[in-house]
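Results of the structural survey
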Amino acid sequence: MPINILMPALSPTMEKGNLAKWLKKEGDKVKSGDVIAEIETDKATMEVEAVDEGTLAKIVVPEGTQDVPVNDVIAVLAGDGEDVKAAGAGAASAPPKAAAASAEKVTAAASPSPQPSPPRGEGARSATTESGAAQKEKIVPPAPPPSPLPGGERSPSKTAGEGANGHARIFSSPLARRLAKEAGIELARIAGSGPHGRVIARDVEEAKSGKGLKAPAPAGPPLVAPSMSDKQIRALFEEGSYEVIPHDGMRRTIAQRLTASVQTVPHFYLTMDCNIGKLVEAREEINAAAPKDKDGKPAYKLSVNDFVIKALAIALQRIPNANVSWTDGGMLKHKHSDVGVAVAMPGGLITPIIRKAETKPISRISAEMKDFAARARARRLKPEEYQGGTTAVSNLGMYGIKDFTAVINPPHATILAVGTGEERAIVKHGKIEVAQIMSVTLSCDHRAVDGALGAELIGAFKMLIENPVMMVV
C-alpha cells in the first residue's frame, strides 16, 4: 500500500520546518537511504533520507513551503509493483493529516535525543535524517471523522486554499520565496498582490520596509513579557526614521531560550584574572614546530580559545561536582566534559560541542572547532553536534572586550565568558611588572552549583590556563 512520508522531527524541540528543496521529483525511483529533500530548521539545513523503497508518487508539500508541522504528510511513496498514478491520485483526494488508509504500520524517525510526538493520522511513515537515526514502529489509530454540525451535517474536511496536510498553503513565486528567505521574512506575514493573493517579488520588497506585513501568528509563548506593545514602541519614533527587520526563526529561538534562562535559572557570577604569559609563549612554540605539508601549510595552528576549551574540560574532571545538570527529579552528574563553544553566524549564534574534550589533544580540539565553525556559518551542523553538552565557552576577546557575563544555556549549569588577553600592570613581590592578563567570568546555576563549588571550578581553570604544561600530564 502507499506509504506516507512525514515531516521529520530533526530535534527534540522542533515543531515546524521549512521544506527548502526536493532532490527527487514525482516518478523518480527511491531507495532506502537516498537523500530526497532538504529541510530548514531555525539552526541548520538538514538532508532527509528515505526509509523505504519505491516510486515517489506524489509531492504533497512543494519546495519553498514554510512552517510545515512535524509529522504532516509531505509526500507519498508507491511501493514496488503498485500503481504509481493511483497512489498519487489517492494522495490528492485523501483527507488532511493522512493520505487515506495506506500502510498499517507507522515508522517515525527517531531524533538524536528525546522522541518526537507520535505521528498524527493513519498509515504514515516519516523520512530519516542523514544521521541515520534508528526507526521505531508504532500503531497509530485512525484520525477521527469530522465533527457533526447541527442538523446532522458534517464539517468539511478541507477549506479552500488548504493544503493536503490540513494547513493553509502559501502561494508564492519562486523569486518571492528566495527574496523572502534572504530577507528573513516569513512568507505567511506578507500580503500577496498577485493573482489569487499570490506573493510576488514586489510584495517582498515592500515588506522589507514594513509595508504590507501581517501580524505574526502566535507560535508558542511570546519572546518576552513586554511592558509596551509594538505599536507603542513604534509611536516613540518618527515615521520613516527606522526600518522593520522581521524576526527569523533563529532570532526568535534565541530570544525565547535566553529569556527563559534568565527568568528560571538563578545566575551568579565569579571573575578571575589569569596570567597567560606562559600560555602565549607555549602556543607560539607549538605553532612554530607544527609539521608542514608539501605546500608549506602547517598541520595545525592553535588558538588561545583551544587552550581555554581544554583547560575548562580538565577543570570539570578535577571538580566533578560542578560537571552537572539540574533536573527536578535529580542532579545529572556527567562522566565526560562536553564543552559547547559559541560561534557567531549571520542572524545569531550556535554552540557546537566538543565531546569528551578532556580526552582530546589540543590539536584535535583545534581541528574540530575549525570544522564546526565553517559548517555552522553555512548552517550545515547536525542536531547531535550542537544539542546537549555539559558546559560552554563564550569568547569575545577577539573584539577587545575586557570582561563580560554570559547567559547560561540549559541544561548547562555553567558557562565561561572569556575576555581579551592584554598587557596590564601587576604587583609581584612588591614590584610593579607588566603581564599578559586575561579576565574570565564563570556564570553558575545556583540550583546546581553553589558559590564555593563555583570558586573551586574557576580556580582549577586558572591554575591550568596559567600553567599549560599541566594540560598534558
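Residues numbered from 1 in each chain as written. Predicted model: local features only at pLDDT ≥ 70, side-chain atom pairs only at ≥ 80, totals over all residues. Heavy atoms only, no water.

1. Describing the nonpolar core
- Of all hydrophobic cores here, the largest spans 53 residues; its most connected members are Val308, Ile309, Leu416, Val440, Phe461, Ile465 and Met471.
- Among the elements that take part in this core, helix α7 (residues 304-318) stands out by supplying nine residues, more than any other.
- Core analysis: the second largest hydrophobic core is formed by 27 residues, Met7, Leu10, Ile36 and Ile39 among them. (Core = buried A, V, L, I, M, F, W, Y, C linked by side-chain atoms within 4.5 Å. Buried < 20%, exposed > 50% of the residue type's maximum accessible area, 1.4 Å probe, protein only. Helix = DSSP H or I, 4+ residues; strand = E, 2+ residues; numbered from the N terminus.)

2. A word on the confidence of the model for the protein chain
- Taken over all residues, the pLDDT of the protein chain has a mean of 81, while the share at 70 or more is 80%.
- Here residues 94-126 scores under 50 on pLDDT; set against residues more than four positions off or in separate chains, the count is 103 contacts. (pLDDT = per-residue confidence, 0-100. Contact = heavy atoms within 4.5 Å.)

3. Quick look at helix α10 (residues 451-466)
- Its 16 residues place the ends of α10 22 Å apart at the C-alpha level, agreeing with the 22 Å of an ideal helix rising 1.5 Å per residue.
- Within the span of α10, buried status applies to Leu453, Gly454, Leu457, Ile458, Ala460, Phe461, Leu464, Ile465 and Glu466.
- The elements touched by buried residues of α10 are β13 (267-275), α6 (277-288), α7, β21 (414-428) and β22 (431-445). (Expected span 1.5 Å × (residues − 1).)

4. With respect to the environment of valine 68
- Relative to the assigned elements, valine 68 resides in strand β7 (residues 65-69).
- Overall, the relative accessible area of 2% leaves valine 68 in the buried class.

5. A look at the sheet that holds strand β19 (residues 353-354)
- A sheet is described by the order of its strands in space; here six strands give the open sequence β13-β22-β21-β20-β16-β19, paired in mixed fashion. In the strand order of this sheet, the two ends are held by β13 and β19, each with one partner.
- Sheet analysis places strand β16 (residues 339-341) next to β19, joined by two bridges and oriented antiparallel. Along β19, the bridge assignment pairs glycine 340 with isoleucine 353. (Pairing = 2+ DSSP bridges.)

6. Quick notes on unusual backbone geometry
- Backbone torsion omega between proline 410 and proline 411 reads 15°, so that peptide bond is classified as cis.
- With respect to the secondary-structure elements, proline 411 resides in the loop between β20 (391-395) and β21.
- Unusually for a residue other than glycine, aspartate 67 sits at a positive phi of about 55°.
- Tracing the backbone through its elements, the reader meets aspartate 67 in strand β7.
- Among the residues examined, aspartate 67 registers a relative accessible area of 32% and is labelled partly exposed.
- Located in the positive-phi region is arginine 379, a residue other than glycine, with phi close to 55°.
- Along the chain, arginine 379 falls in the loop between α8 (362-377) and α9 (383-386).
- The exposure class assigned to arginine 379 is partly exposed, which follows from its relative accessible area of 24%.

7. Considering the packing of aromatic side chains
- All told, the structure shown has one aromatic pair when counted by the stated rule.
- Ring centres 6.5 Å apart and planes at 75° place the aromatic pair phenylalanine 237 and tyrosine 242 in the edge-to-face group.
- The class for phenylalanine 237 is partly exposed, based on a relative accessible area of 48%.
- A relative accessible area of 31% places tyrosine 242 in the partly exposed class. (Phe/Tyr/Trp six-rings, centres within 6.5 Å; stacked < 30°, edge-to-face > 60°.)

8. Structural notes on the packing of helix α2 (residues 174-183) against helix α3 (residues 201-208)
- One can describe the packing of α2 onto α3 by two numbers: an axis separation of 8 Å at closest approach and a directional angle of 20°. Considering their axes alone, α2 and α3 lie roughly parallel with respect to each other. You can see that α2 and α3 cross each other, and the crossing is right-handed. Across from Leu175, Ala176, Leu179, Ala180 and Ala183 in α2, the residues of α3 making contact are Ala201, Val204, Glu205 and Lys208.
- When its residues are assigned to classes, the contact of α2 with α3 shows seven nonpolar, no polar and two charged. (Axes fitted to C-alpha atoms, helices over the stretch in contact; angles between N-to-C directions. Parallel < 35°, antiparallel > 145°, perpendicular 65-115°, else oblique. Left-handed = near helix turned anticlockwise from the far one by under 90°. Nonpolar A, V, L, I, M, F, W, Y, C, P; charged D, E, K, R; others polar.)

9. So, the side chain of aspartate 338
- In this fold, aspartate 338 is placed in the loop between β15 (330-333) and β16.
- On the basis of relative accessible area, aspartate 338 is assigned to the buried category, the value being 15%.
- At a separation of 2.8 Å, a polar atom in the side chain of aspartate 338 contacts the main-chain amide nitrogen of lysine 356.
- In this structure aspartate 338 touches Ile353, Ile354, Arg355, Lys356, Gly389, Thr390 and Thr391, once residues within four positions along its chain are discounted. (Polar contact = N/O pair within 3.5 Å; in protein donor to acceptor, adjacent residues only side chain to side chain.)

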